[in-house]
Amino acid sequence: MGRDLESIVQEAAGGLAAGRSAAVVGVLAEGRTEIRGAGPGAPDGDTVFEIGSVTKVFTALALARQVVAGTAALDEPVRDLLPAGTAMPAREGREVSLRHLAQHTSGLPRLPKGAIWQMIREFPNGDRDPYARYDDATILAGLAGTRLRSLPGTRFRYSNLGAGLLGLALATRAGTDYATLLTEDVCKPLGMTRTNLGEPVIQGHTRRGRPTPPWNMAALAGAGGLRSTAADLLTFLQAQIECREEAIGLSRRTEHRVNPLQAVQLGWMETRLHPKIGGGRRIWHNGRTGGFASYVGFDPERRIGVVVLSGTARSVDSTAATLFRTLAT
């Protein structure tokens, strides 16, 4: 790497913030970490952002922890974990399992039934939480009228409903709520002290730069409700790269192949890169809410990790890709 790590990270953060909203970038490289922030409020590694769908890898790790503990099984039907009487959809006699929810192969639609029209009608500007009305009872009752789009286990179909349902099911099995489950089973063991559902966040902005209130995702929190910091997420990536824990190993080796270059693990997405752009593997997830965008990913062979957090709901994927290319050369 021709340039010093500090300047690379600072330039990336500054490019995202551009004086309008806060951004923080963190990397693991060369055996050390570097975090820099830019924008209003002098953000740093302890500044809290909504991380949106990055939450899914935490929910999946909670599943892996329960599997290792023997309190759940990957191929256990989801209906076994839900309250009695819940009408969980099936197709051709095949039931949706916990594995299917974690790998987006359940066949469930992306959103709860009727959610798209509600979002268009009530929240056309993306400036309010469109998931706020979906409490546990609403989600569970809606399953009765939900049709699976494909046979469970056969096709990758990204589903916020499925990931949120996984969080709800795991919490129900544990006899607690999702927030407590994540704190006790995932965050505390890893030393992540600022990652939870209720941590106050900085001001978020829509893609057009308008201030917007936080989201909480209600019963679908397992799909995108977490809030975190660059420092905590680098701690999480370090644990993933070291892969010393049985549950982390399970989440990484359990995969569904989407095509020759892409797979989905438990929660994580995996991309195999063409040799012309450096080759190797990238394991990642991104996220976006009404006012925030995020990216968390790592290269397990090169032991490089990247965290990008922005207080504006514009994708940060290109910034992350540039960082990976720079760090790998």
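Here the structure is shown first, and the text comes after it.
Rules used throughout
Sequence positions are assigned chain by chain, starting from 1 and proceeding in written order. Local features are withheld for residues below a pLDDT of 70 in this predicted model, meaning they are given only at 70 or higher, and side-chain atom pairs are given and counted only at 80 or more; totals for whole chains, interfaces and linings count all residues. The side-chain quantities take in all heavy atoms of the structure and omit both hydrogens and water. Between any two strands, pairing holds if DSSP finds at least two bridges. Think of it this way: any DSSP run of H or I at least four residues long counts as a helix, any run of E at least two long counts as a strand, and we number them from the N terminus. Angular values range over 0 to 180 degrees, each being the angle between N-to-C directions of two axes fitted as lines to C-alpha atoms, with helices fitted over their stretch in contact. Only heavy atoms enter the contact rule, under which two residues are in contact if any of them lie within 4.5 Å. Three labels apply to residues, based on accessible area from a 1.4 Å probe with only protein chains included: buried if under 20% of the type maximum, exposed if over 50%, partly exposed otherwise in between. By salt bridge we mean one thing: a side-chain nitrogen of Lys or Arg within 4 Å of a carboxyl oxygen of Asp or Glu. To estimate how far a helix should extend, the number of its residues minus one is multiplied by 1.5 Å. Charged-residue counts in this description rest on Lys and Arg as positive and Asp and Glu as negative, His and the chain ends being excluded. Each patch groups residues whose relative accessible area exceeds 30% and which form no salt bridge, using 9 Å between like charges and 5 Å between nonpolar side chains of Val, Leu, Ile, Met, Phe, Trp and Tyr. All accessible-area figures derive from a Shrake-Rupley calculation using a 1.4 Å probe, and residue coverage is judged against the displayed protein chains alone. Charged groups are reduced to one reference atom each: NZ for lysine, CZ for arginine, CG for aspartic acid, CD for glutamic acid.

S.K.: How do you make sense of the sheet that holds strand 12 (residues 281-288) when you look at a structure like this?
M.R.: Paired through their backbone hydrogen bonds, the strands of a sheet run either parallel or antiparallel. Reading across the sheet, the 8 strands line up as 2-1-14-13-12-11-10-9 and stay open at both edges, with antiparallel pairing between neighbours. On the outer flanks of this sheet lie strand 2 (32-38) and strand 9 (256-259), each paired with one strand and no other. Here the average twist between neighbouring strands, direction ignored, is 20°. Here helix 1 (residues 5-17) sits on the sheet in contact with strand 1 (23-29), strand 2 and strand 14 (304-310), set at roughly 30° to strand 2. Of the strands in this sheet, strand 1, strand 2, strand 13 (293-299) and strand 14 touch helix 9 (residues 230-242), which is tilted by about 155° from strand 14.

S.K.: So what exactly am I meant to see when it comes to unusual backbone geometry here?
M.R.: Positive phi, normally seen in glycine, also occurs at E30, with a value near 55°. Positionally, E30 belongs in the loop between strand 1 and strand 2. Looking at E30, the relative accessible area reads 55%, which means it is exposed. With phi around 60°, R303 is a residue other than glycine that occupies positive phi space.

S.K.: What exactly am I supposed to notice about the pattern of salt bridges here?
M.R.: When the charged atoms of two side chains with opposite charge come close together, those side chains can pair. In the structure shown here, the tally under the stated rule is 18 salt bridges. In this structure, D75 and R99 form a salt bridge, with 2.8 Å as the shortest nitrogen-oxygen distance. Of this pair, D75 sits in the loop between helix 2 (55-69) and strand 4 (90-91) while R99 is found in helix 3 (residues 98-103), placing the two residues 24 residues apart along the sequence. Since its relative accessible area comes to 52%, D75 is described here as exposed. Its relative accessible area of 23% is what places R99 among the partly exposed residues.

S.K.: What is the right way to look at helix 2 in this model?
M.R.: Three- or four-residue spacings in an α-helix give side chains the same orientation, since the helix completes a turn every 3.6 residues. With 15 residues, helix 2 extends 21 Å between its outermost C-alpha atoms, agreeing within 8% with the 21 Å of an ideal straight helix rising 1.5 Å per residue. Counting buried positions over the 15 residues of helix 2 gives 12, a clear majority of the element. Three or more residues of helix 2 are buried, namely T55, K56, V57, F58, T59, A60, L61, A62, L63, A64, R65 and Q66. Two residues or fewer after helix 2 comes G70, characterised by a positive phi angle close to 85°.

S.K.: I tried to follow the side chain of R252 on my own but got confused; where do I start?
M.R.: Secondary-structure assignment places R252 in helix 10 (residues 246-253). The side chain of R252 is buried and forms no salt bridge, while E301, the nearest opposite charge, is found at 6.6 Å. Each residue touching R252, except ones within four places of it in the same chain, is listed here: Q240, C243, Q265, W268, I283, F298 and P300.

S.K.: I'm lost on a positive patch on the surface in this one. Help?
M.R.: On the surface, a cluster of positive charge is made up of R207, R208, R210 and R288. Inspection of the secondary structure puts R208 in the loop between strand 6 (204-205) and strand 7 (211-212). Relative accessible area serves as the criterion here: at 73%, R208 is assigned to the exposed category.

S.K.: Sorry if this is basic, but what is going on with the environment of G198 here?
M.R.: If you trace the backbone, G198 turns up in the loop between helix 7 (178-190) and strand 6. Accessibility expressed as a relative area gives 59% for G198, which makes it exposed. For G198 and L226, which are 28 residues apart along the polypeptide, the C-alpha to C-alpha distance reads 8.1 Å.

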